[in-house]
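# An overview of the molecular structure
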Amino acid sequence: MATTDMGELFQQKIDKEIKIEPRDWMPDAYRKTNLRQISQHAHSEIVGMLPEGNWISRAPTLKRKAILLAKVQDEAGHGLYLYSAAETLGMSRDQMVADLNNGKAKYSSIFNYPTLTWADMGAVGWLVDGAAILNQVMLCRTSYGPYARAMVRICKEESFHQRQGFEILLVLSKGSAAQKAMCQDAINRWWWPSLMMFGPKDSESTNSDQSIQWKIKRKTNDELRQQFIDMIAEQVKILGMTLPDDKLQWNPERKHYDFGEINWEEFWNVVKGNGPCNKQRLDARRKAHEEGAWVREAAKAHAAKRLAKVA
Ligand code: BYC
């Protein structure tokens, strides 16, 4: 069968909501874009452990420490499910990790900002995981089977992450004047970067149209960003805090919140590797990889020994 006919059949399958599985025929560009997105997503989960890992040893109570530890471990698990899903598209995990460590692969811009105070743990959980959930709930219905299945489990854990973040801020918002100020400061610093997580505006998104046609993405970057703003603009009232945008206002005609201009120059700067913590994050990942070499060697030797026994 000619490739164009195969392409048409493939699109019909997508339109009928039949999941694409690893052994099915797929256009090369579908394979590539899924591999790109899933591996970027996996890298984000792994790099995302670093800003929060920073506070494990400084959490204010033992209970807070246990919760934060569990959350950071969950992120490691998400990275592993996602690397496995990406591997089904034909690239080895070693290669993906190498691409991250040599700066070739992207990961979410959000993790290139520093976590300066304990309130940042609340803001990251509430805003960063909150943004991630909206995107990821959509991805539970993505057309590539292994990605969709990984997302179902990830979303369950992300819901807990967002609640724990909101609860940290809720406690601070009812605390002393200094705690309230710390809470507001964290919201001020994380608000705009969390809006950037959804990617460039639709008019500048290079991949969205094709990804929507293939039902990899079901909503555009701007649609999800608006959904997030509408949700957070209401939740922030419960905290008695504000969002740092004087243009934020309910628009009864659109039935959505209007909001101010995102600093796209800052976004692209961070994506290109010049954010406040890009270097620090990659250095930390490279160091962890080098220091973990003996674990990988030991695991390989153990596996070889077990195989020899079976043979
Ligand atoms: N940061 O054509 P577009 C988490 C890139 S982690 C950096 O719209 P697409 C968590 C984009 O890759 C959550 N780069 O792209 C973990 C593209 O460049 P390439 C992470 C970005 O793919 C720990 C170019 O800009 N979530 O949950 O259609 C603690 C043009 O963009 C960003 C995911 O990764 C960005 N923010 O849409 C707490 C979800 N945005 O690749 C939480 C999966 C865009 O052509 N990913 N770029 O060179 C996605 O859904 C999509 O990839 C995006 C972008 C919505 C992010």
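Residues numbered from 1 in each chain as written. Predicted model: local features only at pLDDT ≥ 70, side-chain atom pairs only at ≥ 80, totals over all residues. Heavy atoms only, no water.

In this section: the overall build of the chain. Of regular secondary structure, the chain possesses 13 helices and two strands. Compactness check: the chain gives a C-alpha radius of gyration of 21 Å against a globular reference of 19 Å for 311 residues, within 12% of the reference. A principal-axis box enclosing the C-alpha atoms of the chain has dimensions of 65 × 55 × 35 Å. Out of the 311 residues belonging to the chain, those deemed buried represent 47%. By sequence separation, contacts in the chain at least 24 residues apart represent 76% of the contacts at least 6 residues apart. Of the roughly 16100 Å² that the chain leaves accessible, carbon and sulfur atoms contribute 56%. One way to put it: in the chain the 44 positive side-chain charges average out to a point 6 Å from where the 38 negative ones average out. (Helix = DSSP H or I, 4+ residues; strand = E, 2+ residues; numbered from the N terminus. Rg over C-alpha atoms; globule rule 2.2 N^0.38 Å. Buried < 20%, exposed > 50% of the residue type's maximum accessible area, 1.4 Å probe, protein only. Contact = heavy atoms within 4.5 Å. Areas by Shrake-Rupley, 256 points an atom, 1.4 Å probe, with all protein chains shown as cover. Lys, Arg positive; Asp, Glu negative; His and termini not counted. Charge placed at Lys NZ, Arg CZ, Asp CG, Glu CD.)

The next thing to look at is the packing of aromatic side chains. All chains considered together, the criterion is met by 13 aromatic pairs. Ring geometry for F10 versus W214: centroids 6.5 Å apart, planes at 85 degrees, classification edge-to-face. Taken together, the residues F10 in helix 1 (residues 3-15) and W214 in the loop between helix 9 (208-213) and helix 10 (221-239) connect sequence positions 204 residues apart. F10 sits in the buried class, given a relative accessible area of 2%. Consider the rings of F198 and F228, whose centres lie 5.4 Å apart with planes at 50 degrees: the pair is tilted. (Phe/Tyr/Trp six-rings, centres within 6.5 Å; stacked < 30°, edge-to-face > 60°.)

Here the focus is the state of the cysteines. Covalently bonding the sulfur atom of one cysteine to the sulfur atom of another cysteine gives a disulfide. Inspection of every chain in the model, using the stated rule, returns zero disulfides. Looking at C155, it has no disulfide partner, and the nearest cysteine sulfur is the one in C140, 3.6 Å off. Judged by relative accessible area, C155 falls into the buried class, the value being 9%. (Disulfide = S-S within 2.5 Å.)

The next subject is helix 7 (residues 145-173). For helix 7, which comprises 29 residues, the first-to-last C-alpha distance of 42 Å matches the rise-based estimate of 42 Å (1.5 Å per residue) to within 8%. Its maximal kink placed at I154, helix 7 deviates by approximately 25 degrees. (Expected span 1.5 Å × (residues − 1). Bend = angle between axes of the 7 residues up to and from the residue.)

Attention now goes to the nonpolar core. Counting 74 residues, the largest nonpolar core has Y30, W126, W191 and F228 as its most contacted members. The biggest single contributor to this core is helix 6 (residues 119-139), with 11 residues. When near neighbours in sequence (up to four residues on either side) are disregarded, F228 contacts L127, G130, A131, L134, W191, S194, L195 and F198. (Core = buried A, V, L, I, M, F, W, Y, C linked by side-chain atoms within 4.5 Å.)

The environment of the ligand is formed by 36 residues, the closest being Q40, K106, S205, K217 and N221. Within the side chain of R36, one N or O atom sits 2.9 Å away from an oxygen atom of the ligand. K106 has a polar side-chain atom sitting 2.6 Å from an oxygen atom of the ligand. Relative to its free-state accessible area of 1000 Å², the ligand is covered by the protein chains to the extent of 91%. When contributions to the shell around the ligand are tallied by element, the ones reaching two or more residues are helix 2 (28-47), helix 4 (62-87), helix 6, helix 7 and helix 11 (264-274). Looking at side-chain class alone, the shell around the ligand contains 13 nonpolar, 14 polar and nine charged residues. (Near = heavy atom within 4 Å. Polar contact = N/O pair within 3.5 Å; in protein donor to acceptor, adjacent residues only side chain to side chain. Nonpolar A, V, L, I, M, F, W, Y, C, P; charged D, E, K, R; others polar.)

Another point: unusual backbone geometry. Within the chain, E17 stands out as a residue other than glycine whose phi angle is a positive 65 degrees. Here E17 shows up in the loop between helix 1 and helix 2. Exposure remark for E17: the relative accessible area of 40% places this residue in the partly exposed category. In the Ramachandran plot, K255 falls in the positive-phi region, its phi being about 60 degrees despite a non-glycine side chain.

On to helix 5 (residues 93-101). Residues M96, V97, D99, L100 and N101 constitute the buried set of helix 5. Phi for G103, located one or two positions after helix 5, is positive at around 85 degrees.

Let us now look at the environment of E158. Summarising the element assignment, E158 is placed in helix 7. The exposure class of E158 is buried, given its relative accessible area of 2%. Linking E158 and I133, residues 25 residues apart in sequence, is a C-alpha distance of 6.3 Å. Sequence-distant contacts of E158, that is, excluding residues within four places in its chain, are made with E45, E75, H78, D129, I133 and Q136.

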